[in-house]
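The primary structure of each chain is shown beneath.
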Amino acid sequence: MAVHPIDYRYGSEEMRKVWEEENKLEKMLKVEAALAKAQAELGLIPKEAAEEINRKASTKYVKLERVKEIERETKHDVVAMIKALAEVCEGNAGEYIHFGATSNDIVDTANSLLIKETLDIIERKLRELRDILLEKAEEHKLTVCIGRTHGQHAIPTTYGMRFALWAAEIDRHLERLKQIRERVCVSKMTGAVGTLAAMGEKGLEVHKRVAEILNLKPVLISNQVIQRDRHSEYIFLLALIAQTLNKIGVTVRNMQRTEIRELEEEFDVKKQTGSSTMPHKRNPITFEQICGLSRVIKSLCIAELDNIPLWEERDLTNSSAERCIFAETAVLTDHILNLAIKGIKKLKVNKEACDKNLELTRGLIMAERIMIELAKRGMGRQRAYEVVRRNAMKAYEEGRHLKDVLLEDEEVMKYLTKEELEELMNPKTYIGLAPRIVENVIKELKGKK
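Quick notes on the rules
Residues numbered from 1 in each chain as written. Predicted model: local features only at pLDDT ≥ 70, side-chain atom pairs only at ≥ 80, totals over all residues. Heavy atoms only, no water. UniProt positions renumbered as here; feature names shortened; annotations may be inferred. Helix = DSSP H or I, 4+ residues; strand = E, 2+ residues; numbered from the N terminus. Disulfide = S-S within 2.5 Å. Expected span 1.5 Å × (residues − 1). Contact = heavy atoms within 4.5 Å. Axes fitted to C-alpha atoms, helices over the stretch in contact; angles between N-to-C directions. Parallel < 35°, antiparallel > 145°, perpendicular 65-115°, else oblique. Left-handed = near helix turned anticlockwise from the far one by under 90°. Nonpolar A, V, L, I, M, F, W, Y, C, P; charged D, E, K, R; others polar. Domains from an automatic or database assignment. Buried area = accessible area lost by both parts, 1.4 Å probe. Salt bridge = Lys/Arg side-chain N within 4 Å of Asp/Glu carboxyl O.

UniProt annotation of "coiled-coil region" (unreviewed entry) refers to residues 21–67 when read in the numbering used here. In residues 21–67, the share of helix is 74% and the share of strand is 0%. The end C-alpha atoms are 11 Å apart.

This is the structure we're talking about:
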């Protein structure tokens, strides 16, 4: 019976396959095969033995059930894998499996292969999400809405700006991903405490050749484990991605509030229900799920940071934690990326609500524009600020339109005509260079690898 929601509720089949037990065993066997091949090339074990190990180092021959059966006796997963592989090897080839290696040579290197597969999937989906956001930015380049700071109406902006801003942030994650690949996707074949004592003079050659066979980068130095600052950086990347999706989700959820209604996630009116008791509800459940699961991903950073200060050359406290951390962060990050891709693609922008909200403060959002214009016409910036602030506060307190209050101010009307003031109060003509900024983002990022 399934216990963890990853098993039955969250995550794609694609990412779950990366971290399922069968694939983890396959990767460990692949590392053992690479070790045998490298050692045979360098004359440390018989060529025939290495060939047999490479033939049989696969879940086609080494069955997960048998490995688990042996592990119940040995209480050691790597020893169980070695014994299970030796059982299926003909002749005396099994005697040369794992020659000179320690468990974490296999486990850490296999984890690097799993992380590499994970990053391939995450990278592809980040690129897809970035491109969808760029399409939305292009579509809504001129969709004017109110900008908010501190949750209060500020000055006009566009939804093109919002989508482009998110696209640029996703692109930075793609850059980070490329940068950390080299530091995270590494191998080690350095023995019990990193000295290569068991492999003798050719140890470094074996270490480098194994990395070459597996298409990984060999660590410069290790103790019994690959140092966990590397893995922490990887988990932090996934957490950063999750927090960007969280940020997008928070905005969508806020903008879908009944009182605002500028955005709305897809809702199947024929089949979908929003509440077990309130038939009218249309809740932003996709983006709520993104926000909720981002907290879990973020929390796992703490556990991985605690895996950095292991005792001396190594203790076992990281192992049990990472069995959870690596799988959960990968599957959940992939899951919320899929939700974001689907959610943004189907996201509705309600232009009528945008227009309505632009007028909600009765012209107060145009105070900056009036102040700047008065300053340009000779009033002076500081004086103009105080004059407009005074009138804005009066309009606010009296519940009147700012334009009407300004028309009564003789000091203001020395510099502006009624027609000019009317024109300055139009929020849709005060979006600065927003369209050009969005176009620059699209030009810079569209089609970028």
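So, on to the state of the cysteines. Scanning the entire structure with this criterion turns up 0 disulfides. Between C354, a free cysteine, and C145, which holds the nearest cysteine sulfur, the sulfur-to-sulfur gap is 5.4 Å.

Compared with the 16 Å implied by 1.5 Å per residue over 12 residues, the 17 Å span of helix α19 (residues 434–445) between its first and last C-alpha is a close match. Of the surrounding secondary structure, the elements contacted by the buried residues of α19 are α7 (103–139), β2 (152–158) and α8 (159–184).

Let's shift gears to the packing of helix α10 (residues 229–255) against helix α11 (residues 285–305). For the pair α10 and α11, interaxial distance at closest approach is 8 Å and the crossing angle is 155°. The angle between α10 and α11 places the two elements in the roughly antiparallel class. Two packed elements cross with a definite hand, and for α10 against α11 that hand is left-handed. Across the contact of α10 with α11, the residue classes tally to 16 nonpolar, 6 polar and 4 charged.

For the rest of this paragraph, the subject is the domain arrangement of the protein. By the assigned domains, the protein splits into domain 1 (14–99), domain 2 (112–186 + 227–360 + 432–448) and domain 3 (361–416). Taking only C-alpha atoms into account, the centre of domain 1 sits 39 Å from that of domain 2. In this assembly, 11 residues from domain 1 lie in contact with 16 residues from domain 2. Together, E14, M15 and W19 form the three largest contributors to the area buried by domain 1 at its contact with domain 2, with a combined 57%. Taken together, the links from domain 1 to domain 2 amount to 4 salt bridges. The salt bridge partner of E117 is K27, with a shortest N-O separation of 2.8 Å.

Further remarks concern the pattern of salt bridges. Overall, the coordinates contain 43 salt bridges when judged by the stated rule. Among the charged side chains, a salt-bridge network with shared partners connects R130, D131, D171, E175 and K448.

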